[in-house]
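Geometric and topological summary
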Amino acid sequence: MKNTSSNSELSADSKYIWHPCTPSQDIESVAPLLIERASGVYLYDSDGKSYLDAISSWWVNLFGHNHPRLNAALQNQLQKMAHVMFAGVTHRPAIELAKKLVERTPENLSRVFFSDNGSTSIEVALKMSLQYWKQSSRGKKNHFVYLKGAYHGETLGALSACGIGLFRDKFEDVLAENIEVEGPDCSNCPYGLKRESCDAECFEAMEKVLSKQNSVIAGVLVEPLVQGAAGMKMYPPVYLQKLQNACKSEEVHLIFDEIAVGFGRTGSLFVCKAHGLQPDFLCLSKGITSGYLPLSVTVTSDEIFSAFYGKFEDLDWFVHSHSYTANPLACAVANETMNLFEEPQFFEKLDEKISALQQGSSILRELPYCGEYRQTGLIGAMELVKKDGAKFEFEERVGYQIYLEGLKQGIFMRPLGNVIYFMPPLSITMAEIEFMIETARNSILCALNK
Ligand SMILES: Cc1ncc(COP(=O)(O)O)c(C=O)c1O
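The model shown is predicted, which means the values in this text are computed figures rather than measured ones.

**Observations concerning the nonpolar core**
Val220 and Cys283 are the most contacted members of the largest nonpolar core, which totals 117 residues. In terms of residues, this core owes the most to one element, helix H6 (residues 118–135), which gives eight residues. Sequence-distant contacts of Cys283, defined by excluding residues within four places in its chain, comprise Ser121, Ile122, Ala125, Ile255, Phe256, Asp257, Glu258, Ile259, Ser296 and Thr298.

Here it is in structure tokens:
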């Protein structure tokens, strides 16, 4: 039973607010959680009930909610300045952050362009790539290649490189014309190979498109290793190596969208750096402020940057800005986030958690509803199937039933269709990993055994 004040707040919510990516009729039958505070991996509602945040609040939180060092960094910056515009002005938090990022990303990446969410960092990369080709007298290179199942955000430019009908279908007629390519499908490999041992034979489809259409292709966008919104579809790094080689030989930009997988999620700070890859653009957001404030960056090379040195009157410079570009509060928290990665043995401890998730998930793998369990770093995903192995239909909304059951049991998940997944804060403890897996298992059984 909700207390009276939360009841009146929830009715005001339903009267005034339009929630993202939520069918309005869901809100009419199930009110949103009224979260009052959060600490570590837990969210607390207005009745004091706790929910383990198994998805890091849409994949943003890295070091837990209400972290003393991040709070202090924010408060410290707030004493000095909350915001200032970023054209004709600079500030220490942004300079420090840009330097830190350049030092920790691949060697070819040397310039940081700030914006304020994942989608805008993609828009920036797309526009820089297009303008680069235009100024290099290669103006016909104006299409982007993206993978089936790709997700790079929901503004119209980013949506034009989205390979998921759920997001793009209603807008198809106004989207920019790009090229969708069949990417890796390791759960149903058409070559009958295994993710761990294949040589990305499926790269063939991409290779053909790049070699035939390179004269009209500006760049290829890719979510390295894990296609998040597609249902945590995972594929091996060899695909990325082949992609980089092909992009180089066909003179096409390689755009890495590490918005979801960057900042430690896969077990290393950045996928590109860990695998010796050098994209032309690296888009980062989400974890950059450990889930505190909106911020993003598009990091690129000197080669791209120097192509924008043309004549003022020809508008050869990059005419693009956002009001909250490089917000100092966000940059200050991002700097402290970067410092937290430098704590002694951070990645060794993370490896232990990754193993604990892998081992603990055996209780999910043995469920009759488990079609496949897959894991990359601290991202674990389970494909739900019926007891006889058949697929659930989209409209059955089994993920949603499990989500509702999870709330009763004290875990906050947000399944992607029929995929239940974990993407907890990296600060999660071993005991919390165990609790998360067990509670998810109980929620699955309660929801599906009904
Ligand atoms: C891989 C990827 N790219 C881009 C985005 C868009 O980021 P934002 O929601 O901050 O616009 C997301 C968001 O989930 C994402 O997962």
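**Here we look at the sheet that holds strand S4 (residues 109–115)**
Taking strand neighbours across the sheet as the criterion, the seven strands line up as S4-S12-S11-S10-S7-S5-S6 in an open arrangement whose pairing is mixed. Two strands in the sheet have a free side with no partner beyond their single neighbour: S4 and strand S6 (179–181). Across the sheet, the mean angle separating the axes of adjacent strands is 20 degrees when strand polarity is ignored. Where strand S7 (residues 217–222) lies against strand S10 (residues 253–257), four bridges are found, and the strand directions are parallel.

**Remarks on the packing of helix H4 (residues 68–80) against helix H13 (residues 328–341)**
Where H4 meets H13, the closest approach of the two axes is 9 Å, and the angle between their N-to-C directions is 145 degrees. For the element pair H4 and H13, the recorded crossing hand is right-handed. Here H4 contributes Arg69, Leu70, Ala73, Leu74, Asn76, Gln77 and Leu78 to the contact with H13, which in turn contributes Pro328, Leu329, Ala332, Val333, Asn335, Glu336, Thr337 and Leu340. Considered class by class, the residues forming the contact of H4 with H13 number nine nonpolar, four polar and two charged.

**A look at the domain arrangement of the protein**
Its domain assignment divides the protein into domain 1 (33–66 + 345–448) and domain 2 (71–341). Taken together, the contacts link 27 residues of domain 1 with 22 residues of domain 2. Top contributing element to the side of domain 1 that touches domain 2 by residue count: helix H14 (residues 346–360), with five residues. When its residues are assigned to classes, the side of domain 1 that touches domain 2 shows 16 nonpolar, seven polar and four charged.

**Notes on the environment of Phe63**
Secondary-structure assignment places Phe63 in the loop between helix H3 (56–59) and H4. The exposure class assigned to Phe63 is buried, which follows from the 21 C-beta atoms found within 10 Å. Through-space distance from the C-alpha of Phe63 to that of Gln135 is 42 Å; in sequence the pair is 72 residues apart.

**Details of the pairing of strand S5 (residues 143–147)**
Counting buried residues in S5 gives four out of five residues, a clear majority hidden from the surface. Bridging between S5 and S7 involves three bridges; their strand directions are parallel. Opposite Phe144, over in S7, you have Gly219 as the bridge partner. The pairing of S5 with S6 spans three bridges and is parallel. Of the residues in S6, the one forming a bridge with Val145 is Ile179.

**A short note on the site of the ligand**
Close contacts around the ligand come from 14 residues, with Asn117, Gly118, Ser119, Gly153 and Ala260 the closest. For the shell around the ligand, the leading source of residues is H6, giving three residues. Partitioned by chemical class, the residues of the shell around the ligand number five nonpolar, seven polar and two charged.

**Re the sheet that holds strand S16 (residues 419–422)**
Sheet strands associate in pairs through backbone hydrogen bonding, adopting either a parallel or an antiparallel arrangement. Spatially, S13-S14-S16 is the arrangement adopted by the three strands of the open sheet, whose pairing is antiparallel. Two strands close off the open sheet at either side, each with one partner strand: strand S13 (370–376) and S16. Within the sheet, the average angular offset between the axes of one strand and its neighbour, ignoring direction, is 15 degrees. Alignment of S13 against strand S14 (residues 379–384), held across six bridges, turns out to be antiparallel.

**As for helix H10 (residues 237–250)**
Quick reminder: α-helices carry 3.6 residues per turn. Residues three or four places apart thus point the same way. Over its 14 residues, H10 extends 20 Å from the first C-alpha to the last, a length consistent with the 20 Å expected when each residue adds 1.5 Å. For H10, the complete set of buried residues consists of Tyr239, Leu240, Leu243, Gln244 and Cys247. An end-on view of H10 places all buried positions within 135 degrees of arc, on one side of the element. Residues of H10 that are exposed and point more than 90 degrees away from the buried face comprise Lys248 and Ser249. Looking one or two places after H10, you find Glu251, whose phi comes out positive at around 55 degrees.

What counts and what doesn't
- Residues numbered from 1 in each chain as written.
- Predicted model: local features only at pLDDT ≥ 70, side-chain atom pairs only at ≥ 80, totals over all residues.
- Core = buried A, V, L, I, M, F, W, Y, C linked by C-beta atoms within 7 Å.
- Buried ≥ 20, exposed ≤ 12 C-beta atoms within 10 Å, placed from the backbone.
- Helix = DSSP H or I, 4+ residues; strand = E, 2+ residues; numbered from the N terminus.
- Contact = placed C-beta atoms within 7 Å.
- Pairing = 2+ DSSP bridges.
- Axes fitted to C-alpha atoms, helices over the stretch in contact; angles between N-to-C directions.
- Left-handed = near helix turned anticlockwise from the far one by under 90°.
- Nonpolar A, V, L, I, M, F, W, Y, C, P; charged D, E, K, R; others polar.
- Domains from an automatic or database assignment.
- Near = placed C-beta within 6 Å.
- Expected span 1.5 Å × (residues − 1).
- Arc of directions from axis to C-beta.

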